Amino acid sequence: MDDGFLMEVCVDSVESAVNAERGGAGRIELCAGLVEGGTTPSMGLLQVVKQCVRIPVFVMIRPRGGDFLYSDREVEVMKADIRLAKLHGADGLVFGALTEDGRIDTELCTALLAVCRPLPVTFHRAFDMVHDPLVALETLISLGFERVLTSGCDSSALEGLSLIKRLAEQVMPSVLYVTQGFFPPGGGITERNLQRILEGSTASEFHCSARSARDSGMKFRNPNVAMGASFSAPEYSIKVADVAKVRTLNAIAKNIL
């Protein structure tokens, strides 16, 4: 954070990881299933990404898409994935868990944090689905999370900007060992709204995917078959982190901060 800010880019491929670093990202959040908001990546992907980039790689621990209420067997999967991610070089971990009434699952988070340590841990956008974000914030502080990724409990960080600012104001007096990086805004961040988000939130970190669609190299194409649900990305369009977009966002942040 030599420039006073840090850009984290969410990626799901080696190409995107390399492009994020080339564009000036300071950290990578490595995921699979970005269409579902991010799930746990394969350990093969983590291994190769770690060979190809030098910036820190934080690994998403989320066994499936959907809600953040996990069964006992899903918890065992999460613990196993955390151990494997640490074994294969993860620099940090990212997870979140809620109770059925929309509160932080303190018991589960405590257990998972114990497996994660000594690595730093981010509570991901499960935070945006809580019943009371101000109460949830105090819980996460007491549990010892290093940061909370949030869109301000709204459809994007721009729409949730007022809550992000309110949360940042609440956290600063009580968490003296963190900077504004405790609340990196994320969700719908683009070059068109980044300046407003950073100025409005006083954040020194932000989270984005900075992706562009690239046409597939396939020459033969079957238009009658889809590999996933009807809402999923088309097979013949690949989204990757765009070096130019990352650089543009980086430049905007440097100009502000």
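Quick summary incoming for the structure in this document. Computed from a predicted structure; not experimentally measured.

With that out of the way, let us pick up the overall build of the protein chain. Along its length, the protein chain carries 8 helices and 9 strands. Since a compact globule built from 257 residues should have a radius of gyration of about 18 Å, the 18 Å found for the protein chain is in line with a globular shape. Along the longest, intermediate and shortest principal axes, the C-alpha atoms of the protein chain span 60 × 45 × 35 Å. For the protein chain, with 257 residues in total, the buried portion stands at 50%. Carbon and sulfur atoms make up 52% of the accessible area of the protein chain, which amounts to about 12,200 Å² in all.

A few words on the sheet that holds strand β3 (residues 57-60). Strand order in the open sheet formed by 7 strands is β6-β5-β4-β3-β2-β1-β7, with parallel pairing between adjacent strands. Every other strand in the sheet has two partners, leaving β6 (147-148) and β7 (205-208) as the edge strands with one partner each. Relative to β7, strand β1 (residues 6-11) runs parallel, the two sharing 4 bridges. By the bridge assignment for β7, Leu6 is matched with Glu205. Helix α4 (residues 106-116) rests against β4 (92-95) and β5 (121-123) of the sheet, and its axis sits at about 165° to β4.

By size, the foremost hydrophobic cluster in this structure holds 67 residues, and its most contacted members are Val9, Ile28, Leu93, Phe95, Phe123 and Phe206. Take this core: its biggest share by element is 6 residues, from α4. Beyond its immediate chain neighbours, meaning those up to four positions away, Phe206 contacts Phe5, Leu6, Met7, Glu8, Pro184, Pro185, Ile189, Leu194, Leu198, Leu249 and Ala253. Cys10, Cys31, Leu34 and Phe58 belong to the second largest nonpolar core, which has 6 residues in total.

Okay, the layout of surface pockets next. Computed from the structure, the largest pocket encloses a volume of approximately 1,100 Å³. Forming the boundary of the largest pocket are 41 residues, of which Leu34, Val35, Gly37, Ser209 and Arg211 lie nearest the centre. If you list the elements that add at least two residues to the lining of the largest pocket, you get β7, β8 (211-215), β9 (237-241) and α8 (243-256). Across the lining of the largest pocket, the residue classes tally to 17 nonpolar, 13 polar and 11 charged.

Here we take up the pattern of salt bridges. For the structure shown, the criterion picks out 12 salt bridges. A salt bridge links Arg27 to Glu8; the nearest nitrogen and oxygen atoms lie 2.6 Å apart. With a gap of 19 residues between them, Arg27 in strand β2 (residues 27-30) and Glu8 in strand β1 connect regions that are remote in the sequence. Using a relative accessible area of 5% as the deciding quantity, one classes Arg27 as buried. Under the relative-accessibility criterion, Glu8 is labelled buried at 5%. Between Asp215 and Arg221 there is a salt bridge, with its nearest N and O atoms 3.1 Å apart. A single salt-bridge network, built from bridges that share partners, covers Glu8, Arg27, Arg147 and Glu205.

Thresholds applied
Residues numbered from 1 in each chain as written. Predicted model: local features only at pLDDT ≥ 70, side-chain atom pairs only at ≥ 80, totals over all residues. Heavy atoms only, no water. Helix = DSSP H or I, 4+ residues; strand = E, 2+ residues; numbered from the N terminus. Rg over C-alpha atoms; globule rule 2.2 N^0.38 Å. Buried < 20%, exposed > 50% of the residue type's maximum accessible area, 1.4 Å probe, protein only. Areas by Shrake-Rupley, 256 points an atom, 1.4 Å probe, with all protein chains shown as cover. Pairing = 2+ DSSP bridges. Contact = heavy atoms within 4.5 Å. Axes fitted to C-alpha atoms, helices over the stretch in contact; angles between N-to-C directions. Core = buried A, V, L, I, M, F, W, Y, C linked by side-chain atoms within 4.5 Å. 1 Å grid on protein atoms, 1.4 Å probe; cavity = no way out; pocket = protein on both sides within 12 Å on 5 of 7 lines; lining within 4 Å. Points joined across faces, edges and corners; volume = space filled by probe spheres on them. Nonpolar A, V, L, I, M, F, W, Y, C, P; charged D, E, K, R; others polar. Salt bridge = Lys/Arg side-chain N within 4 Å of Asp/Glu carboxyl O.

Treat this as a map of the structure, not an account of what it does.
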